[in-house]
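The chain contents come next:
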Amino acid sequence: MPDELIQRVISVIAATQHIDAKTIAPDSTFEELKIDSLDGINIVFALENEFNISIPDDAAKSLRSVRDAAEGIEKLLESGSGPAPAAV
Amino acid sequence: MSPLGHTTGEFWKSVSEGRSGIGPLERVDRSLLRFQNGAEVRGYDPLRYFEPRDVNLLDLFAQFGTVAAREAIADSGVAWTGDLRERTAIITGSCTGGQSSEDEQFLELYRNRNPRINPFTIPRIMGNAAASRISMEHGITGPVYNVSTACSSSNHAIGQAFWMVRSGASELAITGGAEAIFSLGFLKAWEAMRVVSPDTCRPFSKDRRGLILGEGAAMLVLEPLDAAVARGATIYGEITGFGMSSDAHHITQPSPEGAARAMRAALADARIGAGEVDYINAHGTGTAANDCTETAAIRCVFGAHAGNLAVSSTKSMHGHALGAAGAMEAVATVLALRHELLPPTANYTTPDPECDLDVIPNEPRKAAAEYALSNSFAFGGLNAVLVFHKAGRNGN
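Thresholds, definitions, all that
Residues numbered from 1 in each chain as written. Chains lettered and ligands numbered in written order. Predicted model: local features only at pLDDT ≥ 70, side-chain atom pairs only at ≥ 80, totals over all residues. Heavy atoms only, no water. Helix = DSSP H or I, 4+ residues; strand = E, 2+ residues; numbered from the N terminus. Rg over C-alpha atoms; globule rule 2.2 N^0.38 Å. Buried < 20%, exposed > 50% of the residue type's maximum accessible area, 1.4 Å probe, protein only. Contact = heavy atoms within 4.5 Å. Areas by Shrake-Rupley, 256 points an atom, 1.4 Å probe, with all protein chains shown as cover. Phe/Tyr/Trp six-rings, centres within 6.5 Å; stacked < 30°, edge-to-face > 60°. Expected span 1.5 Å × (residues − 1). Polar contact = N/O pair within 3.5 Å; in protein donor to acceptor, adjacent residues only side chain to side chain. Buried area = accessible area lost by both parts, 1.4 Å probe. Salt bridge = Lys/Arg side-chain N within 4 Å of Asp/Glu carboxyl O. Nonpolar A, V, L, I, M, F, W, Y, C, P; charged D, E, K, R; others polar. Pairing = 2+ DSSP bridges. Axes fitted to C-alpha atoms, helices over the stretch in contact; angles between N-to-C directions.

Caption draft 1: Highlighting the overall build of chain A. Looking only at helices and strands, one finds four helices and zero strands in chain A. When the helices and strands of chain A are placed in sequence order, the string is α-α-α-α. Taken against the 2.2 N^0.38 rule, which gives 12 Å for 88 residues, the C-alpha radius of gyration of chain A at 12 Å falls within 12% of a compact globule. Projected onto the principal axes, the alpha-carbon positions of chain A cover approximately 30 × 25 × 20 Å. By residue count, 40% of the 88 residues in chain A fall in the buried class. Residue pairs at least 24 apart in sequence account for 63% of intrachain contacts in chain A once pairs closer than 6 positions are excluded. By element, 53% of the accessible surface of chain A is carried by carbon and sulfur atoms, the whole surface being about 4,900 Å².

Structure (structure tokens):
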């Protein structure tokens, strides 16, 4: 996975959670970062905007770590999910 | 006024047969939505119920509430006097008030740069619009207000009205809830919460994928049992207890302890033991979090008796009408006791070990239940539970 992608994910999480990006590692779990389910959907929202992608509900709910998020985004970008239908 | 029909008779017919009113949304542009289905009130023509001027003044939610109150008041056969009008309360529940009107008018301003906002926007969007309209139509001059506690709004409203009548503070109360939520902005906000099902509402089923939004209104007329008997009124059922609690836990995640405390408080208020309850109309939204949390709460309150309880979620049929949900479910619960027919949980496919209650899957059940609970648990951790008893205790 490109380092740049994971760094962008970390930046988004840091900005959304108002925490220092240095405290977030690629293998940090949401639990370690004290990210609950509501924070999780806010992060997904921010990631959709950052990468201009549409993350399906089921995928959004299964995220448990920074790496989960980055891997999911990589797949979506590869499959060319395109902009979210809602992102108008 | 519901996705299952415009009258109590139509609503009960669908609920008691397990027929769902969930379908493709017709009032909004679905191309901008990830989910496509909802439980809309269908075939509604405002001019069938209101003069054109009043249609301009009333958001759909207030229209729904007004129409439901007309049916309830007419059916109650109450004979109004000036004194009774002063001693009658109206307490409604609505979570969002006239947000569709707000959406429509602000869109004009923000997108179309139209600097003129409809002068009726404020009276249309206020949460008490339905309560106020009902008071004006029927000349009711006692306490009138609206409660807004998200998904518990109408259970809180009905509970307050019940306590006011029981305490003698009011002689009569008109109470329930009204909601009309199908505006694109509001639906997009729900979509972003990621709790709305992409297909249908399957409460307590392993493959449940979320709630289905609904709308409508239901109203009840409450009075002391003796007064109802004395005037020969049709008594549909009794409210015998109300309990509420706050989770003080999380803004959206439910807590079994909070829900359990509200159920216990309601049982204590009704002065009955847990073992006397036969049926629970569950909050049962069909979300991953609610249904297993509610199951845990029920098990916690009822212990071994939980295995004897029949529990169903009628949201599987009328959807989740937010601030009107408790009122619709109160009607479903009262009529279930009256007709000795428990409504099912529709759309059920697969047992979930975390929701291991008897949820009356798909088919209604003949059962003479005496006491029933109706649960509402709101975002914000606000829980409100009503206890109903079948009419006819003490030979009445």
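Caption draft 2: Spatial organisation of the packing of aromatic side chains. Residues and elements named next belong to chain B. Applying the stated rule across the entire model yields six aromatic pairs over all chains. Relative to Phe64, the ring of Tyr44 lies with its centre 5.2 Å away and its plane at 85°, an arrangement referred to as edge-to-face. On the criterion of sequence distance, the pair formed by Tyr44 in the loop between β2 (37-38) and α2 (46-49) and Phe64 in helix α4 (residues 60-76) is long-range, its members being 20 residues apart. On the accessibility criterion, Tyr44 (15% relative accessible area) is buried. We classify Phe64 as buried; its relative accessible area is 1%. Relative to Phe242, the ring of Trp163 lies with its centre 4.8 Å away and its plane at 65°, an arrangement referred to as edge-to-face. Of the two residues, Trp163 sits in helix α9 (residues 153-167) while Phe242 sits in strand β7 (residues 237-246), which places them 79 residues apart along the sequence.

Caption draft 3: Summary view of helix α2 (residues 37-51) of chain A. Here α2 of chain A spans 21 Å end to end across 15 residues, near enough to the 21 Å set by a 1.5 Å rise per residue. Against α1 (3-17), α3 (57-62) and α4 (66-78) of chain A together with α10 (184-193) of chain B lie the buried residues of α2 of chain A. Measuring from the side-chain oxygen of the N-cap residue of α2 of chain A to the backbone nitrogen of Leu38 of chain A gives 3.0 Å; that N-cap residue is Asp36 of chain A. Asn52 of chain A lies just past α2 of chain A and shows a positive phi near 50°.

Caption draft 4: Main features of the interface of chain B and chain A. Taken together, the 13 residues of chain B in the interface contact 17 residues of chain A. Carbon and sulfur atoms make up 46% of the area that chain B and chain A hide from each other, which totals about 1,100 Å². Counting the contacts that link chain B with chain A gives four salt bridges. Put simply, Arg34 of chain B and Glu48 of chain A hold a salt bridge, and the shortest N to O gap is 2.4 Å. Our count for the contact surface shared by chain B and chain A stands at nine residue pairs in polar contact (both at pLDDT 80 or more). Looking at the side of chain B that touches chain A, its residues break down into five nonpolar, three polar and five charged.

Caption draft 5: Inspection of the pattern of salt bridges at higher detail. Applying the stated criterion across every chain yields a total of 26 salt bridges over all chains. The partner of Asp27 of chain A in a salt bridge is Arg67 of chain A, with the nearest N and O atoms 2.7 Å apart. Here Asp27 of chain A is found in the loop between α1 and α2, whereas its partner Arg67 of chain A is found in helix α4, with 40 residues between them in sequence. Asp27 of chain A gets classed as exposed once you look at its relative accessible area, which sits at 53%. Here Arg67 of chain A falls in the partly exposed class, since its relative accessible area comes to 30%. Through salt bridges with shared partners, a single network forms among Arg53, Asp54, Arg70, Arg133 and Glu137 of chain B.

Caption draft 6: Spatial organisation of helix α15 (residues 325-339) of chain B. Residues and elements named next belong to chain B. The end-to-end C-alpha separation of α15 is 21 Å, in line with the 21 Å expected for 15 residues at 1.5 Å each. The buried fraction of α15 amounts to 13 of the 15 residues, a majority that puts the element mostly inside the structure. Positive backbone phi, at 55°, marks Glu340, one or two positions downstream of α15.

Caption draft 7: Spatial organisation of the environment of Ala321 of chain B. All names here are of chain B. Counting through the fold element by element, Ala321 comes out in the loop between α14 (315-318) and α15. On a C-alpha basis, the gap between Ala321 and Glu179 in space is 6.3 Å, while along the polypeptide they are 142 residues apart. Setting aside anything within four residues of it in sequence, one finds Ala321 in contact with Glu179, Gly214, Glu215 and Met328.

Caption draft 8: A look at the sheet that holds strand β6 (residues 216-222) of chain B. All names here are of chain B. Spatial ordering of the open sheet is given by β4-β3-β5-β6, a layout of four strands whose pairing is mixed. Strand pairing shows two members of the sheet lacking a second neighbour, β4 (144-147) and β6, which therefore form its edges. For this sheet, the mean angle separating the axes of adjacent strands, direction not counted, is 15°. Judged from the four bridges that link them, strand β3 (residues 88-93) and β4 form a sheet pairing that is parallel. Looking across to β4, one finds that Ile91 is bridged to Tyr145. Packing against the sheet, α15 makes contact with β5 (172-179) and β6, and its axis sits at approximately 60° to β6.

Caption draft 9: Here's a closer look at the sheet that holds strand β9 (residues 310-312) of chain B. Residues and elements named next belong to chain B. Sheet architecture is open: five strands sit in the order β7-β13-β12-β8-β9, paired in mixed fashion. For this open sheet the edge positions go to β7 and β9, each flanked by a neighbour on one side alone. Taking the axes of each pair of neighbouring strands and ignoring which way they run, one obtains an average angle of 20° across the sheet. Pairing analysis gives four bridges linking strand β8 (residues 277-281) to strand β12 (residues 371-378), with the strands arranged parallel. In the strand pairing of β12, Tyr279 is matched with Ala372. Across the sheet, α9 is in contact with β7, β12 and β13 (382-390); its angle to β7 comes to roughly 120°. In the packing of α15 onto the sheet, the strands contacted are β7, β8, β12 and β13, and the crossing angle to β12 comes to about 170°.

Caption draft 10: Highlighting the side chain of Thr287 of chain B. Residues and elements named next belong to chain B. Note on placement: Thr287 falls in the loop between β8 and α13 (288-302). Thr287 gets classed as buried once you look at its relative accessible area, which sits at 12%. Looking at Thr287, its side chain comes within polar contact range of the main-chain nitrogen of Asn290, at 3.0 Å. In this structure, Thr287 is in contact with Val195, Arg208, Gly210 and Leu211, ignoring residues within four places of it in sequence.

Caption draft 11: Fine view of unusual backbone geometry. All names here are of chain B. Unusually for a residue other than glycine, Arg194 sits at a positive phi of about 60°. Inspection of the secondary structure assignment puts Arg194 in the loop between α10 and β6. Even without a glycine there, the phi angle at Leu322 is positive, about 50°. In this fold, Leu322 is placed in the loop between α14 and α15.

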